[in-house]
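Structural overview for review
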Amino acid sequence: MKINNSFSATLHILLHMEQADKPMTSEQMAAYIDGNPAFIRKLLAGLRENQIVCATKGHHGGWRLCRPASEVTLHDIYIALGSPALFALGNRSENPQCLVEQGVNRVMSSTLADAQSLILERFKNLTLQDVGAEFISYFNEKGHNHDFHIND
């Protein structure tokens, strides 16, 4: 099963956006994740609807954060992206009358629901600023310059 990395990609571009001193184009952001501008615009659409990013038109236009990074939680971003599936695991439903399959599905459903609740609660307590601070701390620890504008 293919992994959905849109949440991680969004965090990546938002951190670059937060460090930019001017609005960024979707082309600039696409270069950061080795993606395409249309994918970036699709990600940003939900973020704009949820007032996480703003767009300005014109010659010096582009995208920027609407709120400080300290006020944007990972949960806000997750919701803005349409609440993508957190797990690739799921229940089997080939033989719904089978008591064993029913039992497995009950246990799996309950376990996955508990795990999802824990993740979403953690997302509510982590901000975009927290993620950026982790990056800076890691790079300082390694003795690197923490310039977000390096082509990673």
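To start, this report covers the structure provided alongside it. (Residues numbered from 1 in each chain as written. Predicted model: local features only at pLDDT ≥ 70, side-chain atom pairs only at ≥ 80, totals over all residues. Heavy atoms only, no water.)

**Topic: the overall build of the protein**
Quick reminder of the rule: Put simply, DSSP marks the helices as runs of H or I at least four residues long and the strands as runs of E at least two long, and each gets a number from the N terminus on. The globule rule is 2.2 Å times the number of residues to the power 0.38, and the radius of gyration it is compared with is taken over C-alpha atoms. Exposure classes here rest on a 1.4 Å probe applied to the protein chains alone. A residue is buried below 20% of its type maximum, exposed above 50%, and partly exposed in between.
The helix and strand inventory of the protein stands at 6 helices and 2 strands. Secondary structure elements of the protein occur, N-terminal to C-terminal, as α-α-α-β-β-α-α-α. In summary, the protein has a C-alpha radius of gyration of 19 Å against a globular reference of 15 Å for 152 residues, an excess of more than 25%. Dimensions of the protein along its principal axes, counting C-alpha atoms only, are 65 × 40 × 25 Å. Put simply, the protein has 152 residues, and 33% of those count as buried.

**Regarding the packing of helix α1 (residues 6-19) against helix α6 (residues 128-141)**
For clarity, the cut-off: Under this scheme, a helix contributes an axis fitted over its contacting stretch, all axes are lines through C-alpha atoms, and angles between N-to-C directions fall in the 0 to 180 degree range. Here is the rule for angles: anything less than 35 degrees is roughly parallel, anything more than 145 is roughly antiparallel, 65 through 115 is roughly perpendicular, and the remaining ranges are oblique. Contact definition: two residues touch when any of their heavy atoms are within 4.5 Å.
Following both chains from N to C, one finds α1 and α6 inclined at 80°, their axes separated by 10 Å at the closest point. Here α6 runs roughly perpendicular to α1, going by the angle between their axes. Mapping the contact onto sequence places Leu 11, Leu 14 and Leu 15 in α1 and Leu 128, Val 131 and Gly 132 in α6.

**Things to note about unusual backbone geometry**
You will see that Gln 51, though not glycine, has its phi angle at about 55°, which is positive. Mapping Gln 51 onto the fold places it in the loop between α3 (37-49) and β1 (53-56). Located in the positive-phi region is Ser 83, a residue other than glycine, with phi close to 55°. You can see Ser 83 is positioned in the loop between α4 (74-80) and α5 (99-125). Taking the relative accessible area as the measure of exposure, Ser 83 reaches 34% and is therefore partly exposed.

**Thoughts on the packing of aromatic side chains**
Threshold: Aromatic pairs are defined between Phe, Tyr and Trp rings, using the six-membered ring for Trp, whenever the two ring centres lie within 6.5 Å; interplanar angles under 30 degrees are classed as stacked, those over 60 as edge-to-face, and all others as tilted.
Evaluation of the coordinates by the stated rule reveals 3 aromatic pairs. Linked through ring pairs, Phe 7, Tyr 78 and Phe 123 together constitute an aromatic cluster.

**Let's talk about the pairing of strand β2 (residues 62-65)**
Let me state the cut-off plainly: By definition, two strands form a pair when at least two bridges between them are found by DSSP.
Taken together, the 4 bridges between β1 and β2 define a ladder with antiparallel strand orientation. Bridge pairing links Thr 56 to Gly 62 in β2. Here β1 folds back onto β2, and the loop between the two strands holds 5 residues, one of which, Gly 58, carries a positive phi near 110°.

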